[in-house]
Amino acid sequence: LGNLNILKEFEQENLDVQLKEVNLKALCQDIYNNFHGKAVEKKQILTFEYYRKDNYVVLGEYNGLYQVVINLLYNAMKFTAEGGKISLLLKKDSSYTYLDVRDNGIGIPEEDLAFIFERFYRVDRSRELYEGSGVGLTIVKKIMDAHGAKVTVTSKPDKGTTFTLRFKNAPLDNIRTLSFSQRKR
């Protein structure tokens, strides 16, 4: 129900997202801390990796980005078996900051990859085994689009999945506020 309410908010004709500087490393550290106990409970290995000297500041709306990462991490944990590995990996280059959410879970068949961001879409083999409404990845895509950022996925059945989030690096000397309008399609 929570994800359906979030999706409803994003389907408003004019959605304004106020983008400010967000420390993605701090956001991910908070999420890692919140999910670590659940991973231990499920006997999964959860890691968070980043280069300590890098600055991972992006333009974003904190709560929206938090929602994106928890949706991806929740799915990674749901579709990864006991003893499996899940990682958050932050990296950057001169223009972009990247966050990979990786798992070695059940994976997604190639023929389904083009559809996973569509509302209510669920991969056939997950429908009967796992709970879910099929809107979590739709929310991820809508939030990333509203941020002018990109989400991509690579996956192999029985090998795992990697979702990569790509953000433009924020300027370090000021805070900017941008407004985006989103139209119904």
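For the structure itself, consult the block above.
Only a predicted model underlies this, so the values are computations on that prediction, with no experimental measurement involved.

Here is what the cut-offs are and how they apply
Residues numbered from 1 in each chain as written. Predicted model: local features only at pLDDT ≥ 70, side-chain atom pairs only at ≥ 80, totals over all residues. Heavy atoms only, no water. Helix = DSSP H or I, 4+ residues; strand = E, 2+ residues; numbered from the N terminus. Buried < 20%, exposed > 50% of the residue type's maximum accessible area, 1.4 Å probe, protein only. Polar contact = N/O pair within 3.5 Å; in protein donor to acceptor, adjacent residues only side chain to side chain. Salt bridge = Lys/Arg side-chain N within 4 Å of Asp/Glu carboxyl O. Pairing = 2+ DSSP bridges.

Some thoughts on the side chain of Thr 80
Within the secondary structure layout, Thr 80 lies in the loop between helix 3 (62-78) and strand 4 (85-92). Residue class for Thr 80 comes out buried when judged on its relative accessible area of 5%. From its side chain, Thr 80 meets the backbone oxygen of Ala 76 in a polar contact 2.6 Å long.

Thoughts on the pattern of salt bridges
Two side chains of opposite charge can pair, provided their charged atoms sit close to one another. As enumerated under the stated definition, the model contains four salt bridges in all. Salt-bridge contacts for Lys 38 lead to Glu 41; the nearest nitrogen and oxygen are separated by 3.7 Å. Placement of the pair is Lys 38 and Glu 41 together in helix 2 (residues 24-41), with a separation of three residues, close to one helical turn. Under the relative-accessibility criterion, Lys 38 is labelled partly exposed at 43%. You can call Glu 41 exposed: its relative accessible area is 60%. Of the charged contacts in the structure, one is a salt bridge between Lys 141 and Asp 145, with a shortest N-O distance of 3.0 Å.

A few points about the pairing of strand 6 (residues 150-156)
Burial of the side chains of strand 6 is restricted to one face: Val 151, Val 153 and Ser 155 are buried, whereas none of Lys 150, Thr 152, Thr 154 and Lys 156 on the reverse face is. Bridge count between strand 6 and strand 7 (residues 160-168): seven bridges; the pairing is antiparallel. Each residue of the ladder has a partner; that of Lys 156, found in strand 7, is Gly 160. From the end of strand 6 to the start of strand 7, which pair antiparallel, there are three residues, and Asp 158 there has a positive phi angle of about 65 degrees.

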